[in-house]
Amino acid sequence: MERRSFLKATAAAAAFSATGGIAAPALAQGAAARTLRFVPQANLANFDPIWGTQYVVRNASLLVWDTLYGVDETITPRRQMVESEEVSADGLTWTFKLRPGLRFHDNTPVLAKDVVASLTRWAVRDPMGQMLRALQNELVAVDDNTFRWSLKAPYPKMLLALGKNNSPCAFIMPERIAKTDPFQQITEYVGSGPFRFVRDEWVPGAKAVFARFDGYVPREEKPSWLSGGKKVMVERVEWIVMPDPATAAAALQNGEVDWWESPIADLVPVLRRNRNIEVDIADPLGNVGSFRMNHLHAPFNDPRARRAILMALSQEDYMRSLVGDDQSLWKEMGGFFTPNTPLYTEAGGAIMKGPRNLDAAKKLLQEAGYDGRPITLVVAQDQPITKSFGDVSADLLKRLGMNVDFVATDWGTVGARRALKTPPSQGGWHIFHTWHAGADCVNPAPYTAMRANGDNAWFGWPNNPDIEAARDQWFAASDLAGEKAAVDKMNALAVDFGLYAPTGFFLSYQAWRKNITGVVKAPAPFFWGVSKT
Amino acid sequence: MSTTFPSGGAPAAAPVMPDVMPTRIARKGITGYIFRNPTIAIGGFLLLLLIFVAVFAPFLWTKDPTALAPAMRTRAPSERWWFGTDMLGRDVYSRVLYGTRVSLIVGFGVAFFASVIGLTIGLISGFVRWADSIIMRVMDGLMSIPSILLAIALMALTRGSVGNVILAITVAEIPRVSRLVRGVVLSLREQPYVEAAIASGTRTPVIIWRHILPNTLAPMIVQATYICASAMIAEAILSFIGAGTPPIIPSWGNIMAEGRALWQVKPYIVFFPAIFLSITVLAVNLVGDGLRDSLDPRLAKRV
Amino acid sequence: MFAYIVRRILATIPVMAIVALFVFSLLYIAPGDPAAVIAGDQATPADVERIRASLGLDRPFVVRFGEWVFRIIQGDLGLSIFTNLPVTRMIAQRIEPTLSLMVVTLVLAITIAVPMGVVAAWKSGSLIDRMVMGFAVLGFSVPVFVVGYLLAYVFALELDWLPVQGYTPISNGLWPWFQNLILPAVALGGVYIALIARITRATMMEILQQDYIRTARAKGAGQTTILFLHALKNAAVPIVTIIGIGLAGLIGGAVVTESVFAIPGLGRLTVDAILRRDYPVIQGVILLFSFVYVLVNLLIDLSYTLFDPRIRY
């Protein structure tokens, strides 16, 4: 210990003399205290939250762009850019009034026409937006501060659509930017959020920098997730991308970064041993792992084969392999919706939990006519979560007596391949893995993976009109009891149909240096209210 | 060779050279060979040992290297798990032993294919004048792409399999072999006896068989051992970056890639395959050095 | 001489053309789909199709290759599919760390390896020679990431002498810049040191047998003078040649080193781009690396006359 601190002192002295005297390090110290260095879960490769919908893009966008409404920690939408709204008695006409004093980063005021253009672009790409578009009569600016959305049929989830934290969020951009084709990337990153994007310092794959926007007027309310007063306490936020978790852990231990969004569970004990580091659950809504089957091709075109998987799949194996021995970090799911949230249900989900029954599953597979053909399992190796899932699945299928054609590849290729409807032997697939943020599985609205509308459904293309009907029932429900009934029905139908196989619910950690205060548990890292000493 | 330096030099220099002399004691048979070529002997012994491990891995107290046991994950080395277990609870000892197969197959496979293809291309280039400049430009082009980048790019095209790893690394190594062979051919063609053979109308295949191949063999074998060693490293790097051998096949690169995130807490997952890889590459390099010294006439003359 | 230089420069054109064709067609037949990556996890197949069309990925090979070459000649490497930034700009952002890493590694490797090789040749057969040769073989045998992790563990985490990761621009001061580069340069330099030390030793051993060295000794020249002035100067050609050839390995090693030490350089850009199928970036970076390699080896060829007056063109 003695020797080490001596060596440290020597090194510090050397650094000191090299930077030329007292003034420089002192200055550096001040600047360091005002700059928050953050290691994000992934690289910010593109920066258009409507065009690219990865979680990391959404998270960065939350700094730069504001939303009309924002959900709080109970997933209730609260007013954010909107001052007041009014809905006609028939539920068809919504009139919104903007909060005064809103400004974009280029110092122009936020006007109703900006909102109209932004919502128009967003509605093309967002699942809820698409529903609104289908019902839309007109979306117009009444005056500079007021806009109106009139519909052909009531849409009770209007405010949730505008304030949800699921990607793509309904971000408000200046009209000239929002006029970009929704399938083209925007090239200018101007918003009205609490931070400005410092484009000159953006090095995709390595670094992204956000500076406090002095023209931002926070709301008065206490901040809660995407709602309330977004007060910024640091001058700069630097996102530093680190592809190697071991490096990120070392950097956090050495104080070279302040906050790490997604430490892997195995490294948490090391971080906990460090007295300067705080470790806590990142997102209480967690994640839902997915074993996704292709409903178009044998054997998984038969519900019995898919049910066999639900029966045999041990969520415990998947979860232990991924997050380790800490049992507080994971949970077996008896259904498809996010555990610990109001709509979570285990209706009909008995076969998903408890002791696994391989023999019964094998029998079901036989009944479904499985003929020993190779099962194409496509696994992205560059994502720790899918990589670990893939290894467990290969083992599971082997034990079920299935022949596995293990396709190890990267996330980009999985993305391309899963979109192919051709038979697995001709470039298609049987199974791939992914995971959904728990926030996307709290209810049917953002839960694209639970759609069962055949060709238009999410990859795997489940086709089951009953499930879709139950989903519509949820949209029409106006109280919690009605919503619950609809979701119970949807869950039971989906288990029976073997829509997909959840591999378990898991939480992940975040870690930060103790000189940072104000980090909250949330579905995304929030930088307002965070200060550094 | 000179045995003593003129006395004018620094005194420390004088007695150095004669020190190597005792190894020149002439002996017959295997022991003699070993004495004359200690590097080949050591390298060869290690290599044979590793080949033995690869072939007999199932009988060396191993378990199924792919069997998961998530409840027994990341256990430290102990009597039950000699090298510990990884994050899926697989036995690292068994994985490392089975991993020997992949490294050796990739190393030898690349060395073989790169030599055969490189030899063919080099011969064509050396004998077919009009093709020479085209082939050599293509080889220059390939050679100017850093081989690891080239292999990664090739792996991104195909799916991970041991065959594709061999293919990708082979493509990157071919230019070196073909240039070497072409160089030998061109210099041999200038030799009076080859010129005489050509002038007397001997057919090209015969010239190649009689005069060229025997002289190409020595430098090629040496080159092939180096290719073998670098292919093993390349396999590990590819797997390490996630563009190599499919992860369900235990290879040293894969084991290290999976353990890399945990090197701070569970260093043994990376440590054991790293040791095995280093020893294997070392063994191949030693054999290569030994072969070079005993086969390369120019260098052999001196020692 | 002048004619030779012109000829050598012209000879690089077909090489670069082949690299260009190779790089372009390689990625043309790649199976991964950037459109799918961009669209994200929640996108529907129809979304993916539309993004693909909007990126122009659905047009024929010849059209895309022709356009691409035409633009490259004008110095335009296109826009990254993912960031929408010009590839030239992305490369420019990343070039300083990689260049710094290369230069520091190169200087380090040469200053360590050449004296090592010279001493080994001079004391050929001695313990020092065996140690040097042993180290050289070891340098080839241990993968760069293993060395990297070991160094980071010992010197950064345990001893806390040096930073674990990252890069400080040279504009922030020479020491902070250098501090961040020491560990990666040592890790990356291992193979290079081994390579240069071996070739130096082999060449020096050959040269020390030459008549003029004996003459120099006979004339009573000092050992150091003989080694470093007479012999090393004559050994320069193979040593410089191997430095040029080894550059390709150095670039490859940088890819791994940059990822282990989180250095925001070109190597990481390449790997990220390949894993993400960002075609324009992959093409630009591989072209650049090849160009640098060709250029450096051209300069080395031309430099032979400096080292060895017997070589004339």
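Going by an unreviewed UniProt entry, chain C carries the name ABC transporter permease and comes from Teichococcus aerophilus. Note on chain C: under the UniProt heading Sequence similarities (unreviewed entry), the record states "Belongs to the binding-protein-dependent transport system permease family."

Draft legend 1. Quick peek at the overall build of chain B. Helix and strand content of chain B: 11 helices and 0 strands. Overall, chain B shows an N-to-C arrangement of helices and strands of α-α-α-α-α-α-α-α-α-α-α. The burial tally for chain B puts 56% of its 303 residues in the buried class. Within chain B, contacts between residues at least 6 apart in sequence are counted, and of these 68% link residues at least 24 apart. For chain B, the exposed surface amounts to about 13,100 Å²; the carbon and sulfur share of it is 70%.

Draft legend 2. The arrangement of the sheet that holds strand E12 (residues 277–281) of chain A in detail. Residues and elements named next belong to chain A. The mixed open sheet is built from 7 strands, whose spatial order is E8-E9-E10-E1-E11-E19-E12. Single-partner strands in this sheet number two, and they are strand E8 (195–197) and E12. Two elements, strand E11 (residues 259–260) and strand E19 (residues 509–513), share 2 bridges in a ladder whose sense is antiparallel. If you follow Trp260 over to E19, its bridge partner there is Ala511. Sitting on the sheet, helix H3 (residues 55–64) touches E8, strand E9 (207–212) and strand E10 (236–240), and the angle it makes with E10 is about 170°.

Draft legend 3. Up close: the packing of aromatic side chains. Tallied over the full model, the rule gives 43 aromatic pairs over all chains. Their ring planes at 35° and their centres at 5.3 Å tell us that Phe47 of chain A and Tyr189 of chain A sit as a pair that is tilted. Taken together, the residues Phe47 of chain A in the loop between strand E1 (35–39) and H3 and Tyr189 of chain A in the loop between helix H7 (175–178) and E8 connect sequence positions 142 residues apart. The exposure class assigned to Phe47 of chain A is buried, which follows from its relative accessible area of 0%. A relative accessible area of 6% places Tyr189 of chain A in the buried class. Ring geometry for Phe47 of chain A against Phe210 of chain A: centres 6.4 Å apart, planes inclined by 75°, an arrangement best described as edge-to-face. Placement of Phe47 of chain A in the loop between E1 and H3 and of Phe210 of chain A in strand E9 is noted, with a sequence separation of 163 residues between them. Assessed through its relative accessible area of 0%, Phe210 of chain A is described here as buried. The rings of Phe38, Phe47, Trp65, Phe171, Tyr189, Phe197, Trp202, Phe210, Trp239, Trp259 and Phe527 of chain A are connected pair by pair, giving a single aromatic cluster. Sitting over the ring of Trp528 of chain A, Lys230 of chain A keeps its end group 4.7 Å from the ring centre. We note Lys123 of chain C situated over the ring of Trp122 of chain C; from NZ or CZ to the ring centre the distance is 4.7 Å.

Draft legend 4. Structural detail: the pairing of strand E17 (residues 431–437) of chain A. Residues and elements named next belong to chain A. Judged by how many residues are buried, E17 sits mostly within the fold: 7 of 7 residues are covered. Side chains of E17 alternate between two faces, with Ile431, His433, Trp435 and Ala437 and Phe432, Thr434 and His436 buried alike. Judged from the 7 bridges that link them, strand E13 (residues 287–293) and E17 form a sheet pairing that is antiparallel. From the neighbouring strand, Gly289 faces E17, where its bridge partner is Trp435.

Draft legend 5. Layout of the environment of Met133 of chain C. All names here are of chain C. Position of Met133 among the secondary structure elements: in helix H6 (residues 127–141). Judged by its relative accessible area of 16%, Met133 is buried. Spatially, the C-alpha atom of Met133 lies 11 Å from that of Ile193, the residues being 60 residues apart in sequence. When neighbours within four sequence positions are excluded, Met133 is seen to be in contact with Arg198 and Arg201.

Draft legend 6. Structural detail: the nonpolar core. Among the nonpolar cores identified, the biggest contains 341 residues, and Phe47, Leu68, Leu119 and Phe210 of chain A are the most heavily contacted of them. The biggest single contributor to this core is helix H8 (residues 204–241) of chain B, with 19 residues. Sequence-distant contacts of Leu68 of chain A, that is, excluding residues within four places in its chain, are made with Arg78, Arg79, Gln80, Met81, Val82, Leu98, Val115, Leu119, Phe147, Leu162, Ala170 and Ile172 of chain A. In this structure, Ile121, Ala131, Met136 and Ile174 of chain B belong to the second largest nonpolar core, which totals 6 residues.

Draft legend 7. Molecular detail of the UniProt feature "transmembrane region" (unreviewed entry) in chain C. Residue and element names in this part refer to chain C. Per the UniProt record, "transmembrane region" (unreviewed entry) is annotated on residues 9–30, 99–122, 134–157, 177–197, 235–261 and 281–307. Here residues 134–157 is 92% helix and 0% strand, with 28 Å between the C-alpha atoms at its ends. Spanning residues 235–261, this segment combines 96% helix with 0% strand, and its end C-alpha atoms are found 35 Å apart.

Scoring rules and cut-offs
- Residues numbered from 1 in each chain as written.
- Chains lettered and ligands numbered in written order.
- Predicted model: local features only at pLDDT ≥ 70, side-chain atom pairs only at ≥ 80, totals over all residues.
- Heavy atoms only, no water.
- UniProt positions renumbered as here; feature names shortened; annotations may be inferred.
- Helix = DSSP H or I, 4+ residues; strand = E, 2+ residues; numbered from the N terminus.
- Buried < 20%, exposed > 50% of the residue type's maximum accessible area, 1.4 Å probe, protein only.
- Contact = heavy atoms within 4.5 Å.
- Areas by Shrake-Rupley, 256 points an atom, 1.4 Å probe, with all protein chains shown as cover.
- Pairing = 2+ DSSP bridges.
- Axes fitted to C-alpha atoms, helices over the stretch in contact; angles between N-to-C directions.
- Phe/Tyr/Trp six-rings, centres within 6.5 Å; stacked < 30°, edge-to-face > 60°.
- Lys NZ or Arg CZ within 6 Å of the ring centre and 35° of its normal.
- Core = buried A, V, L, I, M, F, W, Y, C linked by side-chain atoms within 4.5 Å.

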